[in-house]
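Commentary on secondary and tertiary structure
The chain contents come next:
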Amino acid sequence: MNPILQLRGISKYFPGVKALEQVDFDLRAGEVHALCGENGAGKSTLMNILTGNLQPDAGQMLLDGSAVAISGPAEASRLGIAIVYQQLSVINTLSVAENIFANRQPRSKLGFIRYGELYAQTQALLDKLRLTNIRPQSLVGELSPGQRQMVEIAKALAQDPRILILDEPTASITQQESDTLFALIRQLKADGKAIIYISHRLKELFTIADRVTVLKDGRYQTTRPIADVTSNDLIRLMVGRDVEFARTPASGTGEPLLEVKNLTGSRFERISFTLHRGEILGLAGLVGAGRTEVARAIFGIDPLIEGRVMVHNKPCIIRHPADAVAAGIGYVPEERKTQGIFLNMSVMENVLAADLPAAQTGRWYGIGKARQIAERFREQLRMATPSVMQRAGLLSGGNQQKAVLARWLLANPDVLIVDEPTHGIDVGAKSEIHTLLSGLAAQGKGILLISSELPELLALADRILVIRQGTLAGELAGDTATEEAIMALAAHA
Amino acid sequence: MKLIRSRLFIGAFIAALAGCELPPRDQAGVTQQALQTSDDSDAALANEEYVMVTTAVSMPMYVNHDQAAFKRWGEKMGVKTSILGPADWDVPAQINTIEEVIGTRPTGLLINGTDPAIAQAIDKAVAAGIPTVVYDSDIPSSRRHAFLGTNWYEIGRMQGEEMARLIGGKGKVAYMGILGLNNMEDGFRGLLDVFKRYPNIEVVGKFDDKANVETAARLTADLLAAHPDMAGICGFDSNSGPGIALAVKEAGKAGTVKITTVDWEPEHLRLVKEGVIQMLAGQKRELFTWYGAQFLYDMVHRTNKLSGNDALAGINSVPNTVNTGLLRITKENVNQFLLP
Amino acid sequence: MLNQILRDRVYTLTLTTLLLCIVSAAVFPATFPTFENFRQLLLNLSIDAIVAVGMMLLLISGVFDLSVGSVVAFAGGLSAHLMVFYNVPVPVAILAGLGSAVLIGWINGYLIAYQGINPLIQTLAMMGIVRGGALMVAGAGIQNLPYWYNAIGQSKLLGVQMPVWYMGLVVAAFTFLVNRTVFFRRYYYIGGNEQAAELSGIRVRRMKLYAFILSATLAGVAGMLLTSRLGAALSTLGRGMELRVITAVILGGASLTGGVGKIPGALLGALFMGLVSNIMVIARVSGYWQEIILGLILIIAVWIDLALQRRSAVRQGLPRKSVNTPSPEGVGIEK
């Protein structure tokens, strides 16, 4: 079978950086071709070249055997290339139909939108994609993250592309929704579409991909049928070493640090648990089960309807994150970009955010001292940044997350709540963060770990609490729990 | 170390206090520079620069009357004229401009007396020896050399008398202008003093049209809706008349609701001719600046010597206060003002 | 490195200002580079600069206040009213004026930070309300203020009128405080990312309330200084000041999206605008040209900034459109 898209020796240079060096890639109709690599491996640059946002400095692109130059996103879409970005681009305040047909709504002769036709066309498209639980008239803001992802894909498919690029499509959706997504992808495959699939979740590549191409540091590594490789092979190709989520020994003690009793908020009720010194307590559950809401309530972001929080056996009234910080609790939020990192501020300022007085000499804040502190954490956490004065927005996701973690290492709370700490982060940084978290536990901190990645929970947690629809569904011991056991508790209605 | 530093600080503080200078208690203490003078040679004339400082420098009424006459005067006399000031109605900015102009030593200053607050700036100019004439509204608390203008109290009285005559001494009246301006408030006072003598005239209210046609029209429309028996409305700023007239016409009450207002721009004149506005109390603005500039010139050139040395005698050889009087424009004489 | 310097508005604006001074001194050697002119120039911008310091702080935290101009008129008018019509002693009248400014700031801050009213709407409404109040207390203008009150703004130190020194004091104090205290550093975090600041334990709402109070208080101080300098309170004082001050602050390096800006930038922005207006007067250019030129300068300044940002973004290998929202996968840094 002839490939519909071929890249030959594509190179792209930025001042001082070889973003892509002699990359080959080919894509056949009716296949799902996975693209793997750490952050910074060049995946984004390659996608930006395919969608016309960037022009290659060398190399050739062949579409159906003839050379093309893609001058911009409009040209890409004309050539039948559509992309679904990791960050959702749907507009929450508009309906599903208006999102899918953004700027291309069917219009009458006078230029007015014909809503009847718009909804009918949308319905037809959704039917074709078998997305029967989404109404064209619904506001996107009212849909679940998974449904929004489907709308995003439907939007890309509305122009009937031949090549569909999916960038981390499962990053913010649940297991069930992923299954729906995979069913959709298989159907598209059967229709003869070519799909480029980018994901950090190696496990799902084995479920969905036909072939896999690995990039490392901007260089092409290999392309192989997925059946010929193992997860460890891929990791080795991506990072050049074996990274395993080896189970860390439990360091929990019997001394309670954080106790919550009968915690009830708007999305959860009667949650009780105890977090001990030196313990990593996992909090599992499907997305939307209420895990993040529990954390936000403990940290004083959302109000509690009922329940008590005790820190060091003393009852605590926490009405604001500042109260929580004062009581010795830290929180690394799930949404790093919008809630965690200060994108336009320096790494140094990010590190100091939760404990500005640390940089005081006497009563005066000093930038020299702030810099020393930040440098210390840069070395300790091996943050890849030319300088601590660098804007955090220019760092990779993993290094941004390290900066957020450094903030709490500096503030040094006894209890640290981490919500999806390795979401969207490459494998290398992931294992560093895992080491960091277990190290903190060993030092006698209590860590409440919320994660949708079961291997992560299984590797790190001493105990795992499973939340289902806002209530505690059960507790498992970390060393004996299995993914199946967790899913059984999380998913059974 | 700390002790030395604090001593240094205290020392500096005392030194600073020594350099401190309080403002003069009264004007007598101000050191006065001799008034600038010049001779009549052509070379001297070409170097002379007369500066007008106003506010709202782009207001059409100012441009068409005050500034046009001032420029015309400059051309006739063969001297340079400059017009400065902020584009909007901004008294502090006008004061800033006056004070910055003083440093550039113009031959004479012609200042629009927008607000009593500019008195200090005028005094600074006088103290610097620059002949300074105020026009439009007087700044009596200042040491200006001369003033030319209209008595706004008289504008109010003239409108009041005319309105009382038009409505037969009874009925509801309202008036509007820019609230908080000194000359307007004088006008309002004149108007009310007249109405006090007519017990049957009911003053409905005083309104701020912010010198804006749309605002004046909206206020009038609301007034007419609230008081269908409104007898007359008086306006006090340039845009009051057109705004009031617009709303009265739209309500179909042209001629029924009597209007008197100020200024005689083409728009105003047309409305008088149409019979929507009954009377305009016009100012002779051209005369303010023409003769104001001429006063400056005469001071500089010592045209009229009243003593052996006027400066030493401490006297001023131009009129102290000039009232240019008012124009009364009605349907009878409006044709004379409408240019062919 | 050069890029870094070019992107710091405090440096570029200082450079531009110096250049402008040199050119003007060459063109108008007799009238521009004189002590009298600079003394006057600084006096004329001192009031705006004091208000600009408060505005800078607000813009750093990502909000702004349109009511400052009205507060200038009201606070000054209220003290004048009390002194002239009720014979209230000068210090008491000043405290009353400042107190009214604090109250207005508190109302703005409370409704914006705690009740969630949009700052544009809240301060726009407040601008009208307070202007009405100023009209009530100042009426057709209040003259003949007490001698000691006028002495505050009309005294001279080393030949320079006091408001200039007060401005210097306010700018120096706030420059130090914003650089060297934890309290004021927090405003950068709030402007940088409000949610992240909240989750880092910063009491965002309370801090915003303080910022509005502080900005209104500085406007109140400006009102006292302006009325005492003029020796009169007018209801029209400070008209259009809010936009002038916001322009100065943005010229000085602030951004409407928050998180950036330095206190000296507020002074520099005001200085630059004062300088342009001074040169216009000396060159005898009419008032409306000044507004056109300032408008153009503002656009050019912001545009140069964006162009520099774009250039450095391209260097970092980010696609163009994500300049303002860099993707979490910053390309090419991880090595």
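All values derive from a computational prediction rather than experimental measurement.

1. As for the overall build of chain B
A count of helices and strands for chain B gives 13 helices and 13 strands. Evaluated residue by residue, chain B yields a buried proportion of 49% over its 340 residues. Looking at chain B alone, contacts between residues at least 24 apart form 70% of all its contacts between residues at least 6 apart.

2. Considerations on the overall build of chain C
Each helix and strand counted, chain C has 14 helices and two strands in total. Relative to its length of 335 residues, chain C is compact, with a C-alpha radius of gyration of 21 Å against a globular reference of 20 Å. Overall size of chain C, expressed as C-alpha extent along the three principal axes, is 75 × 55 × 35 Å. Within chain C, the proportion of its 335 residues that are buried is 57%. Within chain C, residue pairs in contact and separated by at least 24 positions form 76% of the contacts whose partners lie at least 6 positions apart.

3. Concerning the UniProt feature "transmembrane region" (unreviewed entry) in chain C
Under the UniProt annotation, "transmembrane region" (unreviewed entry) lies at residues 41-59, 66-86, 92-112, 124-145, 165-188, 209-231, 267-286 and 292-308 of chain C. Secondary structure content for residues 92-112 of chain C is 100% helix and 0% strand, while the C-alpha to C-alpha distance between its ends is 30 Å.

4. Structural notes on helix α12 (residues 241-251) of chain C
Each α-helix turn comprises 3.6 residues. Residues three or four places apart therefore point the same way. Residues and elements named next belong to chain C. Among the eleven residues of α12, ten are classified as buried, and the element is accordingly described as predominantly covered. Of all the positions in α12, only M241, E242, R244, V245, I246, T247, A248, V249, I250 and L251 are classed as buried. Within two residues after α12, G253 carries a phi angle of roughly 110°, on the positive side.

5. Some points on helix α4 (residues 68-86) of chain C
All names here are of chain C. Between its terminal C-alpha atoms α4 stretches 26 Å, which fits the 27 Å expected from 19 residues at 1.5 Å a residue. In terms of burial, α4 is a largely internal element, 16 of the 19 residues being buried. Of the residues flanking the end of α4, it is N87, one or two places downstream, whose phi is positive at about 55°.

6. So, the interface of chain C and chain B
If you look at the interface, chain C gives 38 residues, while chain B gives 38 residues. For the side of chain C that touches chain B, the secondary-structure elements that each account for two or more residues are α3 (35-60), α6 (119-138), α7 (147-154), β1 (156-157), α11 (204-230), α13 (263-282) and α14 (287-315) of chain C. Its residues assigned to classes, the side of chain C that touches chain B shows 15 nonpolar, 18 polar and five charged. Where strand β1 (residues 20-21) of chain B lies against β1(C), two bridges are found, and the strand directions are antiparallel. Paired with E21(B) across the two strands is K156(C), which belongs to β1(C).

7. As for the nonpolar core
Formed by 286 residues in total, the largest nonpolar core has its most connected members in L449(A), V51(C), V53(C) and M55(C). Counting residues per element, this core draws most heavily on α3(C), which supplies 16 residues. Two domains each provide a minimum of three residues to this core, namely domain 2 (244-328 + 413-493) and domain 3 (344-407) of chain A. Once residues lying within four places of it in the same chain are set aside, the contact partners of V51(C) are V68(C), V72(C), L218(C), A219(C), A222(C), M241(C) and V245(C). With 65 residues, the next largest nonpolar core counts I165(A), I185(A), I196(A) and I208(A) among its residues.

8. Considerations on the arrangement of the chains
The protein chains that touch form two pairs of chains, and the pair with the most contacts between them is chains A and C. Nothing in chain A touches chain B, and the closest approach of their C-alpha atoms is 16 Å.

9. Considerations on the pairing of strand β21 (residues 463-468) of chain A
Residue and element names in this part refer to chain A. Counting buried positions over the six residues of β21 gives five, a clear majority of the element. Relative to β21, strand β13 (residues 280-285) is paired through five bridges, and the arrangement is parallel. Looking at the pairing, A284 lines up with V466 of β21. Pairing between β21 and strand β22 (residues 471-477): six bridges, direction antiparallel. Looking at the pairing, I467 lines up with L472 of β22. Counting the residues in the hairpin turn of β21 and β22 gives two residues, including Q469, whose phi is positive at 45°.

10. Remarks on unusual backbone geometry
Residue and element names in this part refer to chain A. A positive phi angle, near 70°, is found at N313, a position not held by glycine. With respect to the secondary-structure elements, N313 resides in the loop between β14 (306-311) and β15 (314-316). On the basis of neighbour counts, which here come to 9 C-beta atoms within 10 Å, the residue N313 falls in the exposed class. The phi dihedral of N412 falls on the positive side, at around 55°, and the residue is not glycine. Note on placement: N412 falls in the loop between α14 (397-411) and β19 (415-419).

11. Observations concerning the sheet that holds strand β13 (residues 326-329) of chain B
Residue and element names in this part refer to chain B. Across the sheet, which stays open at both edges, the six strands sit in the order β8-β7-β9-β10-β11-β13 with mixed pairing between neighbours. Because the sheet does not close on itself, it has two edges, and the strands there are β8 (201-208) and β13. On average, each strand axis in the sheet is tilted by 15° relative to the strand beside it, whichever way the strands run. Bridge count between strand β11 (residues 279-283) and β13: four bridges; the pairing is antiparallel. In the strand pairing of β13, L280 is matched with I329.

12. Side note on the environment of I185(A)
Note on placement: I185(A) falls in helix α6 (residues 175-190). Expressed as a C-alpha distance, the spacing of I185(A) and L381(A), which sit 196 residues apart in the sequence, is 39 Å.

13. Regarding the sheet that holds β15(A)
Within a sheet, neighbouring strands are paired by backbone hydrogen bonds and run either parallel or antiparallel to one another. Residue and element names in this part refer to chain A. Pairing in this open sheet of four strands is antiparallel, and the strands run β12-β11-β14-β15 from one edge to the other. If you trace the sheet from one side to the other, it starts and ends with β12 (271-276) and β15, each paired once. Taking each pair of neighbouring strands and ignoring which way they run, the sheet shows an average axis angle of 20°. When β14 meets β15, the two strands line up antiparallel, connected through three bridges. For V309, the partnering residue across the bridge sits in β15 and is C316.

14. Digging into the UniProt feature "domain: Periplasmic binding protein" (unreviewed entry) in chain B
Under the local residue numbering, the UniProt record ascribes the feature "domain: Periplasmic binding protein" (unreviewed entry) to residues 52-300 of chain B. Measuring from the first to the last C-alpha atom of residues 52-300 of chain B gives 16 Å, for a span that is 47% helix and 21% strand.

15. Details of the confidence of the model for chain C
When pLDDT is averaged along chain C, the result is 86, and 90% of the positions lie at 70 or above. Within the model, pLDDT remains below 50 along residues 317-335 of chain C, and this stretch shows 59 contacts once partners closer than five positions in the same chain are excluded.

16. As for the environment of N92(A)
Residue and element names in this part refer to chain A. Note that N92 resides in the loop between β6 (81-84) and α3 (96-100). Residues N92 and I10, 82 residues apart in the sequence, show an inter-C-alpha distance of 37 Å. Those residues within four positions of N92 in sequence are excluded, and the remaining contacts are V140 and G141.

17. Regarding the pairing of strand β8 (residues 194-198) of chain A
All names here are of chain A. With respect to burial, β8 is a largely interior element, five of its five residues being buried. Neither face of β8 is exposed, since A194, I196 and I198 on one face and I195 and Y197 on the opposite face are all buried. The pairing of strand β3 (residues 32-36) with β8 spans four bridges and is parallel. What sits directly across from A34, in β8, is Y197. Relative to β8, strand β7 (residues 163-167) runs parallel, the two sharing five bridges. Residue pairing in the sheet places I163 in a bridge with A194 of β8.

18. Some words on the packing of α4(C) against α11(C)
Residues and elements named next belong to chain C. α11 packs onto α4 with a crossing angle of 55° between their chain directions and a minimal axis gap of 7 Å. Compared by their axis directions, α4 and α11 come out oblique. Regarding α4 and α11, the two cross each other, and that crossing is right-handed. Taken together, the residues of α11 that come into contact with α4 (itself represented by V68, V71, V72, A73, A75, G76, S79 and A80) are S215, A216, A219, G220, A222, G223, M224, L226 and T227. For the contact of α4 with α11, the class distribution of residues is eleven nonpolar, six polar and no charged.

The rules behind each value
- Within every chain, residues take consecutive numbers counted from 1 along the sequence as written.
- Following the order in which they are written, the chains are lettered starting with A and the ligands numbered starting with 1.
- The predicted origin of the model limits local features to residues at a pLDDT of at least 70 and limits the giving and counting of side-chain atom pairs to 80 or more, whereas totals for whole chains, interfaces and linings rest on all residues.
- The secondary structure listing takes helices from DSSP runs of H or I that are at least 4 residues long and strands from runs of E that are at least 2 residues long, numbered from the N terminus.
- We call a residue exposed when 12 or fewer other C-beta atoms sit within 10 Å of its C-beta, buried when the count reaches 20 or more, and partly exposed for counts in between; the C-beta positions come from the backbone.
- Residues are scored as being in contact if the C-beta atoms we place from backbone atoms lie within 7 Å.
- This radius of gyration counts C-alpha atoms alone. The globule rule is 2.2 Å times how many residues there are, raised to the power 0.38.
- UniProt positions are given in the numbering used here, feature names are shortened, and annotations may be inferred rather than shown by experiment.
- A helix's residues, less one, multiplied by 1.5 Å, set its expected span.
- For this classification, Asp, Glu, Lys and Arg are treated as charged, while Ala, Val, Leu, Ile, Met, Phe, Trp, Tyr, Cys and Pro are nonpolar and the rest, including Gly, are polar.
- One requirement defines pairing of two strands: DSSP has to find at least two bridges between them.
- Each nonpolar core reported here comprises buried Ala, Val, Leu, Ile, Met, Phe, Trp, Tyr and Cys residues connected via C-beta atoms within 7 Å.
- Domain segmentation is taken from an automatic or database assignment of domains.
- For every element, the axis is a line fit to its C-alpha atoms; helices are fit only across the contacting stretch, and the angle between N-to-C directions ranges from 0 to 180 degrees.
- pLDDT measures how confident the predictor is about each residue, on a scale from 0 to 100.
- Should an angle lie under 35 degrees it is considered roughly parallel, over 145 roughly antiparallel, and from 65 to 115 roughly perpendicular; all remaining angles are considered oblique.
- Helix crossings get a hand from a simple test, with the near helix turned counterclockwise from the far one by less than a right angle marking a left-handed crossing and a clockwise turn marking a right-handed one.

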